[in-house]
Amino acid sequence: MENFYGTTILAVRRNGSVVVAGDGQVTLNNSVIKHHAKKVRRIYGDKIIVGFAGATADALNLFDRLEKKLEQFNGNLTRAAVELAGDWRTDKYLRRLEAMMIAVDQTKMFLISGNGDVIEPDEGFISIGSGSIAAQAAAAALMKHSDLKAREIVVEAMKIAASICVYTNDSVTIEELSG
């Protein structure tokens, strides 16, 4: 079976804004098969932004399940994320899903994984995917050493990740929530 690789998702919160970006490249083994995939989207009445790394069908399934949990828990992202991660880890079918996601609202930011992880970062940024180390390092430096807005940090950090990671491109989808 051939393997799909890569993506970079980065979320940054600063001065009342939270921005999530994802690159558009889909790679099958050593070939780029898509340049403009949309791996970041809004759910739950545009109040939550999610980004995924991993298998697309699995991620779309998880988006739907997260949105159902949000409806069940009246938009409480923390509770919905914990419940989704619990289901993901314990359900025989869901355990096979190969994806990770970042979910943010106006006040919370989480990395959610199939291992049952719901991680809220200590700093105002988090990333997942093949280019995540480059994107996160760039975001950390820009947060510490500049007065750039969240959106500007995301744009620059994603450019850096695309210049380093062969599984990340510079066709970026960006979604923003402002306070």
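Here, every reference points to the structure presented above.
Remember, predicted model here, so these are calculated numbers, not experimental data.

**Section: helix H1 (residues 56-72)**
Here is step 1 of the chain: Over its 17 residues, H1 extends 24 Å from the first C-alpha to the last, a length consistent with the 24 Å expected when each residue adds 1.5 Å.
Here is step 2 of the chain: Tucked inside the fold, the buried residues of H1 contact strand E6 (40-43), strand E7 (48-54), helix H2 (77-90) and strand E8 (99-104).
Here is step 3 of the chain: Directly beyond the C-terminal end of H1, a positive phi value near 50 degrees is found at Asn 74.

**Examining the environment of Glu 156**
Here is step 1 of the chain: Tracing the sequence through the fold places Glu 156 in helix H4 (residues 150-164).
Here is step 2 of the chain: Glu 156 sits in the partly exposed class, given a relative accessible area of 33%.
Here is step 3 of the chain: For the pair formed by Glu 156 and Glu 175, sequence separation is 19 residues and the distance between their alpha carbons is 15 Å.

**Let's talk about the pattern of salt bridges**
Here is step 1 of the chain: According to the stated counting rule, one finds seven salt bridges in the structure shown.
Here is step 2 of the chain: In this structure, Asp 23 engages Lys 39 in a salt bridge whose closest nitrogen and oxygen atoms are separated by 3.4 Å. With Asp 23 in strand E3 (residues 17-23) and Lys 39 in the loop between strand E5 (31-34) and E6, this residue pair connects regions lying 16 residues apart in the sequence. An identical accessibility class is assigned to Asp 23 and Lys 39; each is buried.

**Looking at the side chain of Thr 168**
Here is step 1 of the chain: Considering the arrangement of structural elements, one finds Thr 168 in the loop between H4 and strand E12 (172-178).
Here is step 2 of the chain: A distance of 2.5 Å separates a polar atom in the side chain of Thr 168 from a polar atom in the side chain of Thr 8.
Here is step 3 of the chain: Ignoring sequence-local partners within four residues, the contact set of Thr 168 consists of Thr 7, Thr 8, Asp 23, Gln 25, Ser 130, Gly 131, Ala 161 and Ala 162.

**Concerning the nonpolar core**
Here is step 1 of the chain: The biggest cluster of nonpolar side chains holds 20 residues, and the ones touching the most others in it are Val 50, Leu 66, Leu 70, Met 101 and Ile 112.
Here is step 2 of the chain: A per-element tally of this core places H2 first, with six residues.
Here is step 3 of the chain: In this view, Met 101 contacts Gly 51, Phe 52, Leu 62, Phe 63, Leu 66, Leu 84, Phe 110, Leu 111, Ile 112 and Ile 128; residues no more than four positions away in its chain are not counted.
Here is step 4 of the chain: Counting 17 residues, the second-largest nonpolar core is a separate cluster that includes Val 12, Leu 142, Ile 153 and Val 154.

About the criteria used
- Residues numbered from 1 in each chain as written.
- Predicted model: local features only at pLDDT ≥ 70, side-chain atom pairs only at ≥ 80, totals over all residues.
- Heavy atoms only, no water.
- Helix = DSSP H or I, 4+ residues; strand = E, 2+ residues; numbered from the N terminus.
- Expected span 1.5 Å × (residues − 1).
- Contact = heavy atoms within 4.5 Å.
- Buried < 20%, exposed > 50% of the residue type's maximum accessible area, 1.4 Å probe, protein only.
- Salt bridge = Lys/Arg side-chain N within 4 Å of Asp/Glu carboxyl O.
- Polar contact = N/O pair within 3.5 Å; in protein donor to acceptor, adjacent residues only side chain to side chain.
- Core = buried A, V, L, I, M, F, W, Y, C linked by side-chain atoms within 4.5 Å.

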